[in-house]
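Each chain is listed here by its residues.
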Amino acid sequence: MLSIKNLHASVEGKEILKGINLEIKAGEVHAIMGPNGSGKSTLSQVLAGNEAFEVTEGEVTLNGENLLDLETEERAREGIFLAFQYPVEIPGVSNLQFLRTAVNAMRHHKGEAEMNAAEFMKLAKEVSKQVDLDPAFLKRGVNEGFSGGEKKRNEIMQALLLQPKLAILDETDSGLDIDALQVVSNGVNALRAEDRAILMVTHYQRLLNHIVPDHVHVLAGGKIVKSGGRELALELEERGYGWLGIKDEEEAAANSAN
Amino acid sequence: MATTDQEVNELIKREYEHGFVTDIESDTFEPGLNEDVIARLSGIKKEPEWMLEWRLKAYRRWLEMDEPDWAHVGYPKVDYNSISYYSAPKRKEDMPQSLDEVDPELLKTYEKLGIPLHEREKLAGVAVDAVFDSVSVATTFKEPLAKAGVIFCSISEAIQDYPELVQKYLGSVVPHGDNFFAALNSAVFSDGTFVYVPKGVRCPMELSTYFRINAANTGQFERTLIIAEDSSYVSYLEGCTAPMRDENQLHAAVVELVALDDAQIKYSTVQNWYPGDENGKGGIFNFVTKRGACIGKNSKISWTQVETGSAVTWKYPSCVLRGDNSVGEFYSVALTHNHQQADTGTKMIHLGKNTSSTIISKGISAGKSSNAYRGLVKFGPGAEGARNFTQCDSLLIGDRCGAHTFPYIESKNKSAIVEHEATTSKVSDEQMFLCRQRGIDPEQAVSMIVNGFCKEVFKELPMEFAVEAGKLLEVSLEGSVG
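The model shown is predicted, which means the values in this text are computed figures rather than measured ones. (Residues numbered from 1 in each chain as written. Chains lettered and ligands numbered in written order. Predicted model: local features only at pLDDT ≥ 70, side-chain atom pairs only at ≥ 80, totals over all residues. Heavy atoms only, no water.)

### What to know about helix 6 (residues 178-191) of chain A
Residue and element names in this part refer to chain A. Here is the rule: Segments assigned H or I by DSSP are reported as helices when at least four residues long, segments assigned E as strands when at least two residues long, and all are numbered from the N terminus. Take the number of residues in a helix, subtract one, and multiply by 1.5 Å to get its expected span. Whether two residues touch is decided by their heavy atoms; if any such pair falls within 4.5 Å, the residues are in contact. A 3.5 Å cut-off defines polar contacts: any pair of N or O atoms within that distance qualifies, except that in protein one atom must be a possible hydrogen donor and the other a possible acceptor, and neighbouring residues in sequence count only when both atoms are side-chain atoms.
The end-to-end C-alpha separation of helix 6 is 20 Å, in line with the 20 Å expected for 14 residues at 1.5 Å each. Contacts from the buried residues of helix 6 go to helix 5 (148-162), strand 9 (166-170), strand 10 (197-202) and helix 7 (206-210). Where helix 6 starts, the residue carrying a side-chain oxygen 3.1 Å from the main-chain nitrogen of Asp 179 turns out to be Asp 177.

In structure tokens:
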């Protein structure tokens with residue numbers, strides 16, 4: 001499904017990704033772990049086509065098609081979905097209008113008829129229940145005044161609506177309490193499908209208790225330094241990133257504060 | 001993120017879709033302005049003596065006045081003697097007696113603009129007065145309105161048919177010497193709309209005037225007068241377009257609204273005059289004086305404007321809240337792009353007790369344009385318990401445009417309460433990325449974000465026109481993203 005070869009990317013002239021290699025097959029769930037500043041979020045932004053990042057080397061293909069040649073919106077229509085770590089607000093634009101515009105853009109791309117407001121309302125209500133969001137949220141402005149947890153659930157709801165081929169979840173667990181984490185995880189598990197891949201980016205192991213990955217990769221200094229199965233995450237939790245000789249800025253900061 | 005800004009700037013490039021010229025035979029005055037021209041104009045309109053006297057008084061006053069230069073706009077000096085002050089489509093008869101007699105070319109023009117002058121068409125339920133260059137060419141639905149007792153006609157007809165009403169109210173809200181452009185308008189206004197809603201009548205349909213400048217080197221000076229008697233209600237909408245021409249054209253209108261006890265007037269504008277090309281060549285100078293007087297107690301005047309056109313806009317629809325408990329509202333969306341300049345806002349003059357006003361202004365600047373909100377909230381000594389709420393939001397698209405806010409507050413009454421909120425934001429790269437990541441075209445994304453920003457104002461427009469306004473913004477932003 002997704003093939004990343006020797007991917008280098010930089011932001012404002014500073015190289016962040018320094019040769020990523022990764023193969024993700026349909027039906028698989030991959031977790032990318034790593035300390036802060038390792039390049040995890042950069043990888044998700046680059047795959048989704050954020051123009052703030054410049055790809056300097058390497059290639060990325062989605063089902064054989066060169067992804068890097070495509071505009072952000074074209075990648076989205078080909079099935080790349082990014083659940084944002086910090087979803088931005090769009091005041092005055094209702095969630096419903098935003099989501100319907102997005103769903104219809106996808107449908108249009110596939111040559112399907114657009115959904116009218118009534119049809120979409122019905123669908124959106126069903127999906128909002130899956131992530132335990134009150135349908136009243138649909139009428140509010142996009143992420144406007146949402147709590148952190150509501151924003152994350154809203155992101156997963158969008159993934160469920162848009163049915164992507166590859167869902168990239170950027171720190172979807174951050175800022176969630178344990179109940180919200182459970183809801184979000186249920187949503188992500190509902191996304192799991194034979195023809196869909198999921199790439200989770202996370203700092204902590206705890207998300208992986210809820211969404212069990214097939215593969216775990218550790219990213220450090222812009223490269224994947226170790227890959228393994230589920231057990232790699234558990235081992236990391238137990239022994240810390242220091243075990244792999246990686247300095248975790250957050251841990252280091254926490255330790256020095258103690 | 002330079003890329004996104006660049007894309008956004010692309011979005012601004014688009015053609016003005018109403019830029020065609022109608023090939024029609026016109027009677028047009030030679031350029032120039034003097035007392036003879038005014039007398040000739042008044043003569044053509046077969047005006048009574050008092051009207052000519054009033055015009056000449058205004059003209060003499062105008063000669064002594066200086067063009068205002070305090071607005072945050074810059075434009076080449078207008079040579080008032082190079083403008084023609086009257087242009088009218090030639091007619092075989094004096095005036096068309098019904099729609100059937102209107103020149104088919106003219107009807108076609110309005111069809112092209114999406115304003116059908118046939119009473120059965122899609123704007124059924126909206127009565128239209130069409131003003132082409134200097135004259136009113138057609139007014140629809142006159143009969144059903146007359147049954148309700150509502151007078152809806154051109155101001156020229158009103159001067160003939162309802163001279164007492166015109167004499168009583170013309171200049172009562174905007175005096176002939178109010179300001180430079182109002183004085184000029186008072187001297188040379190050629191047509192416009194007159195509305196009279198009698199006591200206790202709720203006007204049965206939306207009233208609308210459609211203004212079209214066609215002839216070259218012509219100024220358009222229309223005059224609108226709306227009178228709402230006790231406990232009456234009327235909702236009125238005006239729309240404006242003009243052909244694309246390399247020269248600037250002057251539009252200096254005056255609108256006066258009078259609301260008596262418990263009356264309500266809702267006045268909406270969708271202004272889409274030709275804004276000039278992307279290099280700032282051509283376009284309409286839109287220098288307009290609009291003012292409403294809430295004379296009666298518990299009366300209400302509400303201005304809603306969506307301004308996307310004109311090269312330079314100088315416009316401050318205002319309310320004089322004289323009656324106790326009267327209410328003034330101003331809801332505005334002003335969008336500028338390319339080299340457009342807008343200095344627009346409102347004045348809320350609180351004179352009566354417990355008067356209240358609300359100002360919601362949304363300025364959107366793109367390209368190299370400049371967009372200023374200028375507002376005055378004034379409380380007189382008698383404005384006991386009066387209050388105002390003002391919210392001015394600016395949205396910037398790209399990084400070469402400007403937004404400015406000039407709020408003035410004057411209070412002579414200690415009990416008055418003023419609240420003022422102002423924000424400036426940008427269509428952010430993050431918002432664009434979120435939309436595009438969800439498969440939405442950049443152009444559609446900008447339009448959606450801008451529409452969201454304007455939502456509070458659009459909901460004040462009559463429904464048919466809210467949709468129009470949304471579309472107009474979309475068109476106006478077309479090309480600002482690649």
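### Here we look at the sheet that holds strand 9 of chain A
All names here are of chain A. Basically, it comes down to this: We treat two strands as partners when DSSP finds at least two bridges between them. Lines fitted to C-alpha atoms define the axes here, with helix axes fitted over just the stretch in contact, and angles between the N-to-C directions of these axes take values from 0 to 180 degrees.
Taking strand neighbours across the sheet as the criterion, the 6 strands line up as 6-9-10-3-11-12 in an open arrangement whose pairing is mixed. Each of the sheet's edge strands pairs with one partner strand only, and the pair in question is strand 6 (80-83) and strand 12 (223-228). For this sheet the average axis-to-axis angle between neighbouring strands, irrespective of direction, equals 20 degrees. In this sheet, strand 10 lies alongside strand 3 (residues 29-33) in parallel orientation, the contact comprising 5 bridges. By the bridge assignment, Met 33 is partnered in strand 10 with Thr 202.

### Brief notes about the packing of aromatic side chains
Residues and elements named next belong to chain B. What counts is decided by this rule: Aromatic pairs are defined between Phe, Tyr and Trp rings, using the six-membered ring for Trp, whenever the two ring centres lie within 6.5 Å; interplanar angles under 30 degrees are classed as stacked, those over 60 as edge-to-face, and all others as tilted. Relative accessibility under 20% of the residue-type maximum defines a buried residue, over 50% an exposed one, and the middle range a partly exposed one, all with a 1.4 Å probe and only protein chains included.
Applying the stated criterion across every chain yields a total of 20 aromatic pairs over all chains. Ring geometry for Trp 70 and Tyr 316: centres 5.7 Å apart, planes at 45 degrees, overall tilted. With a gap of 246 residues between them, Trp 70 in the loop between helix 3 (49-63) and strand 2 (87-89) and Tyr 316 in the loop between strand 15 (312-315) and strand 16 (318-321) connect regions that are remote in the sequence. Taking the relative accessible area as the measure of exposure, Trp 70 reaches 47% and is therefore partly exposed. Assessed through its relative accessible area of 11%, Tyr 316 is described here as buried.

### Here we look at empty space enclosed by the protein
The gaps of empty space that remain are located by a probe, the size of a water molecule, rolled over the atoms. All names here are of chain B. Going by this rule: The pocket and cavity definitions rest on a 1 Å grid over protein atoms only: a 1.4 Å probe that fits but cannot leave marks a cavity, an open set with protein on both sides within 12 Å along at least five of seven lines marks a pocket, and residues lining either have an atom within 4 Å of a point. Grid points are joined across faces, edges and corners, and a volume is the space filled by probe spheres set on the points. Gly counts as polar in this scheme, as do all residues outside two lists: the nonpolar Ala, Val, Leu, Ile, Met, Phe, Trp, Tyr, Cys and Pro, and the charged Asp, Glu, Lys and Arg.
Taken as a whole and assessed by the stated rule, the structure comprises 6 cavities of 30 Å³ or more. Lining the largest cavity are 17 residues, and of these Ser 361, Gly 363, Asn 371, Ala 372 and Tyr 373 sit closest to its centre. A per-class count over the lining of the largest cavity returns 6 nonpolar, 9 polar and 2 charged.

### Overview of the environment of Leu 17 of chain A
Residue and element names in this part refer to chain A. With respect to the helices, strands and loops of the structure, Leu 17 is situated in strand 2 (residues 14-24). Accessibility expressed as a relative area gives 0% for Leu 17, which makes it buried. When the C-alpha positions of Leu 17 and Gly 222 are compared, they lie 4.1 Å apart, and in sequence the two are 205 residues distant. For Leu 17, the contacting residues outside a window of four places in its chain are Leu 7, His 8, Ala 9, Gly 39, Thr 42, Leu 43, Val 46 and Gly 222.

### Description of unusual backbone geometry
Residues and elements named next belong to chain A. Located in the positive-phi region is Asn 143, a residue other than glycine, with phi close to 60 degrees. Summarising the element assignment, Asn 143 is placed in the loop between strand 8 (141-142) and helix 5. Even without a glycine there, the phi angle at Glu 171 is positive, about 50 degrees. Within the fold, Glu 171 resides in the loop between strand 9 and helix 6.

### Observations regarding the interface of chain A and chain B
Rules: A quick way to say it: buried area is the sum, across both parts, of accessible area lost when two parts are put together, with a 1.4 Å probe. Put simply, a salt bridge is a Lys or Arg side-chain nitrogen that is within 4 Å of an Asp or Glu carboxyl oxygen.
Contact with chain A, which involves 33 residues of that partner, is made by 23 residues of chain B. Across the chain A to chain B interface the summed buried area is about 2200 Å²; carbon plus sulfur atoms make up 62%. Summed over the shared surface of chain A and chain B, the number is 5 salt bridges. With a shortest N-O distance of 3.0 Å, Glu 71 of chain A and Arg 436 of chain B are connected by a salt bridge. At the boundary of chain A and chain B, one finds 12 residue pairs in polar contact (both at pLDDT 80 or more). Elements with a minimum of two residues in the side of chain A that touches chain B: helix 1 (40-48), helix 2 (72-77), strand 6, strand 7 (90-94), helix 3 (95-109) and helix 5 of chain A. Residue composition of the side of chain A that touches chain B, by class: 18 nonpolar, 9 polar and 6 charged.

### Here's the deal with the side chain of Glu 47 of chain B
Residue and element names in this part refer to chain B. Within the secondary structure, Glu 47 is located in the loop between helix 2 (35-44) and helix 3. Engagement of the side chain of Glu 47 in a polar contact is seen with the side chain of Arg 55, the distance being 2.7 Å. Discounting residues that sit within four places of it in the chain, Glu 47 has contacts with Ser 42, Leu 52, Arg 55, Ile 159 and Gln 160.

### Quick word on the confidence of the model for chain B
All names here are of chain B. In plain terms, the rule: For every residue, the predictor assigns a confidence score, pLDDT, that lies between 0 and 100.
Put simply, chain B has an average pLDDT of 83, and 78% of its residues get 70 or more. Residue range residues 1-14 is modelled with pLDDT below 50. Its contacts to residues more than four positions away, or to other chains, number 59 contacts. Low confidence marks residues 119-124, where pLDDT is under 50. Its contacts with residues over four positions away, or in another chain, come to 10 contacts. Scoring the predicted complex yields pTM 0.81 and, for the interface, ipTM 0.93.

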